[in-house]
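Residue-level structural notes
The lines below spell out each chain.
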Amino acid sequence: QVQLVESGGGLVQAGGSLRLSCAASGRTFSNYNMGWFRQAPGKEREFVAGITWSGSSTYYADSVKGRFTISRDNAKNTVYLQMNSLKPEDTAVYLCAASDRWSTYVHHYNYWGQGTQVTVSS
């Protein structure tokens, strides 16, 4: 089992920045590829960004490319999502997840956090 706890969400004006953190415990964090997803009210959960177990490769949804950066610190068992130039359409609950696959699909992720709310005002 891997337990994941997100933090860093909040209310920010359009154009602002937030940094989300996801702290992992349980099984060896560095064994897993990590992803950030988001879910807005009435919408399906969608992939935002992913990073391989080593941190050597990353991948982003087109909607956040150039604005968001995913990173990880395996010594601290933590993955981050730096979000810049935020837009009202970025408003959602953001969740981190762990997978033994390199994937953008929700159902390929084995472990999930509870999520942290990000609200971007216009």
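Now for a description of the structure that goes with this document.

Describing the side chain of Ser103
Relative to the helices and strands, Ser103 resides in the loop between β9 (92-99) and β10 (111-112). Polar side-chain contacts of Ser103 include one of 2.9 Å to the backbone nitrogen of Tyr105. In this structure, Ser103 is in contact with Phe47, His108 and Tyr109, ignoring residues within four places of it in sequence.

Notes on the pattern of salt bridges
Inspection of every chain in the model, using the stated rule, returns four salt bridges. Among the ionic pairs, Asp90 bridges to Arg38, the shortest N-O distance being 2.9 Å. With Asp90 in the loop between β8 (78-83) and β9 and Arg38 in strand β4 (residues 33-39), this pair connects stretches of sequence that are 52 residues apart. In this pair, the class of Asp90 matches that of Arg38, namely buried. Residue Asp62 pairs with Lys65 through a salt bridge whose shortest N-O separation is 3.1 Å. One network of salt bridges, with partners in common, ties together Arg38, Glu46, Arg67 and Asp90.

Considering the packing of aromatic side chains
The full count for this structure, using the stated rule, is six aromatic pairs. Note on Phe37 and Tyr109: the rings are 4.9 Å apart at their centroids and 80° apart in plane angle, and the pair reads as edge-to-face. Of this pair, Phe37 sits in strand β4 while Tyr109 sits in the loop between β9 and β10, and the two are 72 residues apart along the sequence. A single burial state applies to Phe37 and to Tyr109, both of which are buried.

Things to note about the sheet that holds β8
Taking strand neighbours across the sheet as the criterion, the four strands line up as β1-β3-β8-β7 in an open arrangement whose pairing is antiparallel. At either end of the open sheet lies a strand with only one pairing partner, and these are β1 (2-7) and β7 (68-73). Neighbour to neighbour, the strand axes of the sheet diverge by 15° on average, direction disregarded. Two strands pair when backbone bridges link them, and β7 and β8 are joined in this way by six bridges, in the antiparallel orientation. Residue pairing in the sheet places Thr69 in a bridge with Gln82 of β8.

Some points on the environment of Ala75
Mapped onto the elements of the fold, Ala75 is located in the loop between β7 and β8. Residues Ala75 and Ser30, 45 residues apart in the sequence, show an inter-C-alpha distance of 8.7 Å.

Observations regarding the side chain of Glu6
Looking at the secondary structure, you find Glu6 in strand β1. Here Glu6 is buried and forms no salt bridge, its nearest opposite-charge partner Arg45 lying at an N-O distance of 8.0 Å. From its side chain, Glu6 meets the backbone nitrogen of Cys96 in a polar contact 2.9 Å long. A polar contact of 3.1 Å, which involves the side chain of Glu6, links it to the backbone nitrogen of Gln114. Leaving out residues up to four positions away in the same chain, Glu6 has contacts with Ser21, Cys22, Trp36, Tyr94, Leu95, Cys96, Gly113, Gln114, Gly115 and Thr116.

How each quantity is defined
Residues numbered from 1 in each chain as written. Predicted model: local features only at pLDDT ≥ 70, side-chain atom pairs only at ≥ 80, totals over all residues. Heavy atoms only, no water. Helix = DSSP H or I, 4+ residues; strand = E, 2+ residues; numbered from the N terminus. Polar contact = N/O pair within 3.5 Å; in protein donor to acceptor, adjacent residues only side chain to side chain. Contact = heavy atoms within 4.5 Å. Salt bridge = Lys/Arg side-chain N within 4 Å of Asp/Glu carboxyl O. Buried < 20%, exposed > 50% of the residue type's maximum accessible area, 1.4 Å probe, protein only. Phe/Tyr/Trp six-rings, centres within 6.5 Å; stacked < 30°, edge-to-face > 60°. Pairing = 2+ DSSP bridges. Axes fitted to C-alpha atoms, helices over the stretch in contact; angles between N-to-C directions. Lys, Arg positive; Asp, Glu negative; His and termini not counted.

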